[in-house]
Amino acid sequence: MSISPARDAATGSTVSIAIQFILCGIVWGSSFLFMKVALTGISPAQVAWSRLILGALSLAVFVALRRDRLPRRLAVWGHMTVLAVSFCVVPFLLFSWAQQHVTSGLASIYNATTPIMTAIMAWLVFRVEKLKPLQIAGIVVGILGVMVIIAPWQGLDLSQSIVAQLAILGATACYGFSLAYMRRFASDTGMSALVFSFLNIGIAAAIMLVLTPVLVLTPVTLSPWVVGAVVLLGCLGTGVAYVWNQNALRAWGPTRASTVTYITPVVGVLLGVVVLGEGLSWNEPVGALVVFLGILLAQNRLRRRPREATAG
């Protein structure tokens, strides 16, 4: 059984897709640790720059090996450029900057708000979904969960930590916008999961190359740990895992595929505590559970199933 990123969902078995889904959650959950370690030697902009360049190069190798063709329609390139900015450049910069001021575990918890953001964008902005009252209630519950994580009763003094937490929410809002935009404008491009991921990351990498003189030319302090973290973050987290996620998205649909956010905070918090010795306040896991409840409601997963008729 192959779990190669070059394999499309259309030809992958159910077990193969499930394995890719789990690996994606583990790799993305580990990404918050990789970012935290990388920030000990390079700047936030350099972290975003490095992961996009390495991710694009990794995907380019697979595209070349498969000899896949890139799309020719200008409209497709335009939509992919929008996604490159909203799904990669902006959120990567926000996450990297914010993790200077918050723990990797807390960042991974906030990342779990992505399905809530996606539901809001798909409902209010792009009008690609009509939400039922229970789903709207789920969005409200998710917002309440975020408030529990922020813990306003401790005082909102607009310190760097609060600003950083808001920056991460801005990043997940970008993800939500991108996923809804993808469904509205880029769901029928005819591209394979590999080519789609390569264009997404590759265009974002090209944008970062253009911005190099402004963002990246600052001193660095490299060590084996920093280099290793950047390579894993780029080649795995921003390269191969994106193809795995696209495969799961195409095989299972956006609702089931987005449940990868149930895995990432568990991995992120565990690695933060075990590897980095980070602390964990009671309100963070409690708020995360409230957010998860909101996600279940927003995705209409708690509806009652009709009882099967029994022969009498």
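Being a predicted model, the structure only gives us computed values, none of them experimental.

1. Topic: the side chain of E278
Then step 1. For E278, the location among the structural elements is in the loop between α12 (264-274) and α13 (283-298).
Then step 2. Polar contacts involving the side chain of E278 include one to the main-chain amide nitrogen of S104, which spans 2.9 Å.
Then step 3. In contact with E278, other than residues within four places in its own chain, are K36, T103, S104, G105, G272 and V273.

2. Let's talk about unusual backbone geometry
Then step 1. Positive phi outside glycine occurs at R67, with the angle close to 55°.
Then step 2. Structurally, R67 can be placed in the loop between α2 (44-66) and α3 (74-98).
Then step 3. For R67, a relative accessible area of 74% translates into the label exposed.

3. Let's talk about the packing of aromatic side chains
Then step 1. Enumeration over the complete set of coordinates arrives at 12 aromatic pairs.
Then step 2. For the pair F87 and Y242, a centre-to-centre distance of 6.0 Å together with 75° between the ring planes defines the contact as edge-to-face. Here F87, found in helix α3, pairs with Y242, found in helix α10 (residues 224-252); they are 155 residues apart in sequence, far enough to count as distant.
Then step 3. A relative accessible area of 8% means that F87 is categorised as buried.
Then step 4. Grouped by ring-pair contacts, the aromatic residues W28, F32, F87, F95, Y175 and Y242 constitute a single cluster.

4. What about the confidence of the model for the protein?
Then step 1. Mean pLDDT for the protein: 87, with 90% of residues reaching 70 or above.
Then step 2. The weakest mean pLDDT in the protein belongs to helix α11 (residues 254-257) at 71; the strongest belongs to α3 at 96.
Then step 3. Overall, residues 308-312 carries pLDDT values under 50, and its contacts beyond four positions in sequence, including any with other chains, amount to zero contacts.

5. Considerations on the side chain of Q165
Then step 1. Note on placement: Q165 falls in helix α7 (residues 160-185).
Then step 2. Accessibility expressed as a relative area gives 6% for Q165, which makes it buried.
Then step 3. Excluding its chain neighbours within four sequence positions, the residues that come into contact with Q165 are V102, L106, Y110, I149 and I150.

6. Concerning α12
Then step 1. The complete set of buried residues in α12 reads T264, P265, V267, G268, V269 and G272.
Then step 2. Against α1 (14-38), α4 (104-111) and α13 lie the buried residues of α12.

7. Description of the packing of helix α5 (residues 114-125) against helix α6 (residues 133-150)
Then step 1. With their axes 10 Å apart at the nearest point, α5 and α6 run at an angle of 135° to one another. By the angle between their directions, the pair α5 and α6 is classed as oblique. Of the two elements, α5 crosses α6, and the hand of that crossing is left-handed. Here I116, A119, I120 and W123 of α5 come into contact with α6, specifically with I136, G138, I139 and G142.
Then step 2. In the contact of α5 with α6, the residues fall into six nonpolar, two polar and no charged.

Conventions we followed
Residues numbered from 1 in each chain as written. Predicted model: local features only at pLDDT ≥ 70, side-chain atom pairs only at ≥ 80, totals over all residues. Heavy atoms only, no water. Helix = DSSP H or I, 4+ residues; strand = E, 2+ residues; numbered from the N terminus. Polar contact = N/O pair within 3.5 Å; in protein donor to acceptor, adjacent residues only side chain to side chain. Contact = heavy atoms within 4.5 Å. Buried < 20%, exposed > 50% of the residue type's maximum accessible area, 1.4 Å probe, protein only. Phe/Tyr/Trp six-rings, centres within 6.5 Å; stacked < 30°, edge-to-face > 60°. pLDDT = per-residue confidence, 0-100. Axes fitted to C-alpha atoms, helices over the stretch in contact; angles between N-to-C directions. Parallel < 35°, antiparallel > 145°, perpendicular 65-115°, else oblique. Left-handed = near helix turned anticlockwise from the far one by under 90°. Nonpolar A, V, L, I, M, F, W, Y, C, P; charged D, E, K, R; others polar.

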